[in-house]
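# Coordinates in review
So the chains spell out like this:
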Amino acid sequence: MKKAGLSTRVAMDDIQSSIQNELEDMANARLSKTGPATYNFMCEAFGVNCPPYETGSGSTRTSGEIVGRFSRHSEIDSWLTAIESEFGELATVESIGQSYEGRDMKIIKIGKASPNPKPVIWVEAGIHAREWISPAVAVWTIDKFIRNYGLDDDVTYMLDTFDWFFLPSANPDGYEYTFTNDRLWRKTRSPQRRGCYGVDPNRNFDVDFGGAGTSRDPCADTYPGTQAFSEPETDNIRKSIWSVRDRAVVFLSFHAYSQLMLTPYGYTSSKPSDYPEMLRIADASMSALREVHGNTFRVGTPPDILYAASGGTYDWAKLKAGVKYSYTYELRPAEAAWNQSGFIVGEDQIVPSGEEVWASLVTIAKEVQL
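Just so it is clear, the model here is predicted, and its values are computed rather than measured.

## A word on the sheet that holds strand 5 (residues 248–256)
- As summarised here, the arrangement of the eight strands in space is 1-2-4-3-5-8-6-7, forming an open sheet in which the pairing is mixed. Of all strands in the sheet, those bounded by a partner on one side alone are strand 1 (91–98) and strand 7 (298–300). Strand after strand, the sheet turns through a mean of 20 degrees between neighbouring axes, direction not considered.
- Both strand 3 (residues 120–125) and strand 4 (residues 163–167) contribute to a ladder of five bridges, which runs parallel. Looking at strand 4, one finds that Val-120 is bridged to Asp-163.
- Helix 11 (residues 350–367) rests against strand 4, strand 5, strand 6 (260–262) and strand 8 (325–331) of the sheet, and its axis sits at about 165 degrees to strand 8.

Written out as C-alpha cells, the structure is:
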C-alpha cells in the first residue's frame, strides 16, 4: 500500500476479540432467564466459560424466549413449533425441505382463515449466514403478528388481507457454522472442488447465473456454484415460492447491512417495466421506516447504489415466479463502526430494527395494488 502511495490505518486490531465479546454478552444475558438445558447449550455453543448453573435461578422455557435475541437454528425451529401450538388459529408450520447437512427449513404461515384464497407475502431471512440480525428481525416480526391479532388494527388488517409466509433461517448449515466455527461465514456448507466449502445462495438462482457479482473461485464468498439451484436450500426456496406463485404479490428478503431498500434488478442496469410503481412502494415504505427511529434507508437498484449481483432471490421472484413487488432489505447498521464489523451488532439493535421494519411492512401491505 505504501509503495502504491496510499495511506492506511488499521480499522480493527483484533476482530476475534470483538466476536468473543459478542458471544460472551449473549451467554451472560441468558444466565438468569433460562433453564439448565438451555443455559448449558448456550455456554457450550458459544465456547465461553459460564459459572455453574444454580438450581432455581432460571425459568421454564416459553414461546417468547428467543424474541429479541440471536438464536441458534434449532432454537428457532423449536420456537416456531411452540408458536404453532399456542396460536394454531393463526399459524401453521411446515418444513419446505432440508439443508445439505440435513437440517429442516421451516416456514411459518400466518394469516386469519378465509373461505377464499388470499394474496401471499413471502419473507426470507438469513440466506447469508453471518447476517444475524436478519433472522432475529424475522422472529421479532412473526411474534408481533401472532400476539397482536385483534388488538392492533394494522396487524388485524394485515392478517385478514394476506397470508404471510416467513422463512426465518434460509441457510441453516451456514448459520450454524457461524456459531461453531467462523462468525463471518457467508455461504452454504456443501463441499466444492479444491477442498473448498459452500456456495453463495444469493448467487445460486437462475437469473443471469454466474454473471455480475460472482466469482469462479470455489473458495470465494460470491462463488455461485456449478449450476443454478445446485444447493438444496435454494431449491427448497424456489419450490416453495413457485407453489404459491399464483397468489404471491410481494417477496421480501432480509439482509444486512448498509440500510438500503433494493429494488429490481440486481443483475443489470435495466429496470422492470413497472419500475415507477415498485419505486413508489419502496419510497413510501422507507419514509414510514424513517419516522420510527430517524434512520434513513437509501432506495434503488443494486447497480445504482451498491453493486451488480446476478443469481439473487428477489430477481428470481420477480422475473421467474412473477411476483410483482420484490425487494431486498439491507438492515442496520448504515456502516461499520470504527473498530467493529458491520455484521457484529448488539442484541439491543434487534427490537429497534424490528420496529422500523415493521412500519415499512405496514405501508407495503396497505399500498400494494392487489
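## Here we look at the packing of aromatic side chains
- Counted according to the given criterion, the structure contains 18 aromatic pairs.
- On the numbers, 4.9 Å between centres and 75 degrees between planes, the contact of Phe-145 with Trp-358 is edge-to-face. In this pair, Phe-145 is assigned in helix 4 (residues 133–148) and Trp-358 in helix 11, connecting sequence segments 213 residues apart. An identical accessibility class is assigned to Phe-145 and Trp-358; each is buried.
- Clustering of aromatic rings is evident, with ring pairs tying together Phe-145, Phe-162, Trp-164, Phe-166 and Trp-358.

## Quick notes on the nonpolar core
- Ranked by size, the top nonpolar core spans 62 residues in total, and within it Ile-108, Ile-110, Phe-145, Trp-164, Leu-252, Phe-254 and Tyr-329 carry the most contacts.
- It is helix 4 that contributes the most residues to this core, nine residues altogether.
- Other than its neighbours up to four places away in sequence, Ile-108 contacts Leu-80, Ile-83, Ala-91, Thr-92, Val-93, Ile-142, Trp-164, Phe-165 and Phe-166.
- If you look at the next biggest cluster of nonpolar residues, it comprises 25 residues, including Trp-122, Ile-127, Leu-262 and Val-323.

Definitions and cut-offs
- Residues numbered from 1 in each chain as written.
- Predicted model: local features only at pLDDT ≥ 70, side-chain atom pairs only at ≥ 80, totals over all residues.
- Heavy atoms only, no water.
- Pairing = 2+ DSSP bridges.
- Helix = DSSP H or I, 4+ residues; strand = E, 2+ residues; numbered from the N terminus.
- Axes fitted to C-alpha atoms, helices over the stretch in contact; angles between N-to-C directions.
- Contact = heavy atoms within 4.5 Å.
- Phe/Tyr/Trp six-rings, centres within 6.5 Å; stacked < 30°, edge-to-face > 60°.
- Buried < 20%, exposed > 50% of the residue type's maximum accessible area, 1.4 Å probe, protein only.
- Core = buried A, V, L, I, M, F, W, Y, C linked by side-chain atoms within 4.5 Å.

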